[in-house]
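Residue strings, one per chain:
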Amino acid sequence: MLKKYLITPGPVSVPEQVLLDMARPMIHHRTPEFEEIFKEARNGLKKVFKTEQEPLILASSGTGAMESAVINTLNQGDKVLVINGGKFGERWIKICQAYGINAESVTIEWGRSVNPADVKAFLDKNPDTKAVFVQGSETSSTVYHPVKELAAITKDMPETLLIVDGITSAGVHDTRFDEWGIDILITGSQKAFMLPPGLAFITLSQKAWNMVEKSTLPKFYFNLKTELKNQLKNTTAWTAGVSLIIGLKTVLSMMEKEGIDNVFKRHSINAEATRAAVKALGLKLLAQDIPSNAATGCFLPENIDGKAFVKYLRDKCGVSIAGGQDHLAGKILRISHLGYHDAFDTITAVSAIEMGLKKFGADIEFGKGVAAAQSVLMGEMPSI
Ligand SMILES: *Cc1c(COP(=O)(O)O)cnc(C)c1O
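Remember, it's a predicted structure, so these values are computed and weren't measured experimentally.

**A look at unusual backbone geometry**
Moving on, step 1. Of note, the amide linkage connecting G10 to P11 takes the cis form, showing an omega dihedral of -10 degrees.
Moving on, step 2. Of note, P11 is situated in the loop between strand 1 (5-6) and helix 1 (16-22).
Moving on, step 3. Positioned with a positive phi, M194 is a non-glycine residue whose angle comes to about 45 degrees.

Right under this line is the structure:
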């Protein structure tokens, strides 16, 4: 038997109740029944993002919403600033370049968080910058970028948007869209929202909607004005991702029942426990400034082939954790804390890593990582 544990930073495992709800017979999307579900989903998303604005629900992966942010607010030749500290920062640059946008970047080493002062310095020198693009959590380097501090810089610049890929930060780290002054926030279904891939959410501030009025880049499927018009009436412009939206409604009610701030706390404690565990095992953390609570990245001992290690745990032991991308391929592990993940998932991941390392010849004392994780998680054990 091979029991499977999906502990990767997206896709993540889906709660049983959500799977069952999504398996119900198909309903039509232009019906009062669907509109009622859609309305609940819209309202639930507002609570997660702490906003009075409209989170739009798109049928696409997260990248579709990233592209829609660019094409709905900008114009050809615009100057923008991309915070590039990993794979997903690079994606912002590629999308901008595909549409003839002049993307400058603050390049940071994988593992470092951006220093807001560097962004401020760039904007002081380039006040004509139309947007600052960032990842709330850069999943490839497992760091958190200080979104609140960045928003404090762009908030008072009427023609400069802060566009946040929050695909692994919203629903993980407390993200206050209205209070902080974020202009665009993007997320996807297959990370903190513990759904299968296929939905993306995008929320725009009034300042962003003002820029939409002036944007002339080509758009059709991802025309957000068309979406807003429809979604305010609890329907989508095109055929909705009906089953996923039904699942979303269940996920949001689970999050509300847990309490959204408790959801953030759960991610934080599992991340902290994992960091304690890998340190106890003598593995170096990848994140140097502010670690993301979506996933913990750590270096493997140098003599271990990380690709073979990840493959062994996945194919032979049933435990999927992620390896590294690009120059970190084969060198690091990325252990997810996203979504439907609790203390015992953390223990499973840490214990599998300990046993795997031993199998690969590392000098590991059994239980050291597990004990370190347990000490942290004990703080959140329910009372008897
Ligand atoms: C997973 C992820 C994406 C992914 O987008 P998809 O199009 O859904 O694959 C984008 N940004 C970040 C930070 C991610 O973690």
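**Regarding helix 5 (residues 116-125)**
Moving on, step 1. Those residues of helix 5 not exposed but buried are P116, V119, F122 and L123. The arc that holds every buried residue of helix 5, seen down its axis, measures 120 degrees, which confines them to one face. Exposed and oriented more than 90 degrees from the buried face of helix 5 are D124 and K125.
Moving on, step 2. Considering only its buried residues, helix 5 is in contact with strand 3 (79-84), strand 4 (102-107), strand 5 (131-135) and helix 6 (147-154).

**A word on the site of the ligand**
Moving on, step 1. Taken together, the neighbourhood of the ligand is formed by 13 residues, with S61, T63, T139, D165 and K191 sitting nearest.
Moving on, step 2. In the environment of the ligand, an oxygen atom lies 2.4 Å from a nitrogen or oxygen atom belonging to the side chain of T139.
Moving on, step 3. Between Q190 and the ligand, the recorded distance is 2.8 Å, taken from a side-chain N or O atom to an oxygen atom.
Moving on, step 4. Burial of the ligand by the protein amounts to 88% of the accessible area it has alone, namely 380 Å².
Moving on, step 5. Those elements giving two or more residues to the shell around the ligand turn out to be helix 3 (62-73) and helix 4 (87-98).
Moving on, step 6. Here the residues of the shell around the ligand sort into two nonpolar, eight polar and three charged.

**A word on helix 9 (residues 224-231)**
Moving on, step 1. The complete set of buried residues in helix 9 reads L224, E227, L228, N230 and Q231. When helix 9 is viewed along its axis, its buried side chains cluster within an angular range of 170 degrees and face the same direction.
Moving on, step 2. The inward-facing, buried residues of helix 9 abut helix 2 (32-49), strand 2 (55-59), helix 3, strand 10 (199-204) and helix 8 (206-214).

Calculation rules
Residues numbered from 1 in each chain as written. Predicted model: local features only at pLDDT ≥ 70, side-chain atom pairs only at ≥ 80, totals over all residues. Heavy atoms only, no water. Helix = DSSP H or I, 4+ residues; strand = E, 2+ residues; numbered from the N terminus. Buried < 20%, exposed > 50% of the residue type's maximum accessible area, 1.4 Å probe, protein only. Arc of directions from axis to C-beta. Contact = heavy atoms within 4.5 Å. Near = heavy atom within 4 Å. Polar contact = N/O pair within 3.5 Å; in protein donor to acceptor, adjacent residues only side chain to side chain. Areas by Shrake-Rupley, 256 points an atom, 1.4 Å probe, with all protein chains shown as cover. Nonpolar A, V, L, I, M, F, W, Y, C, P; charged D, E, K, R; others polar.

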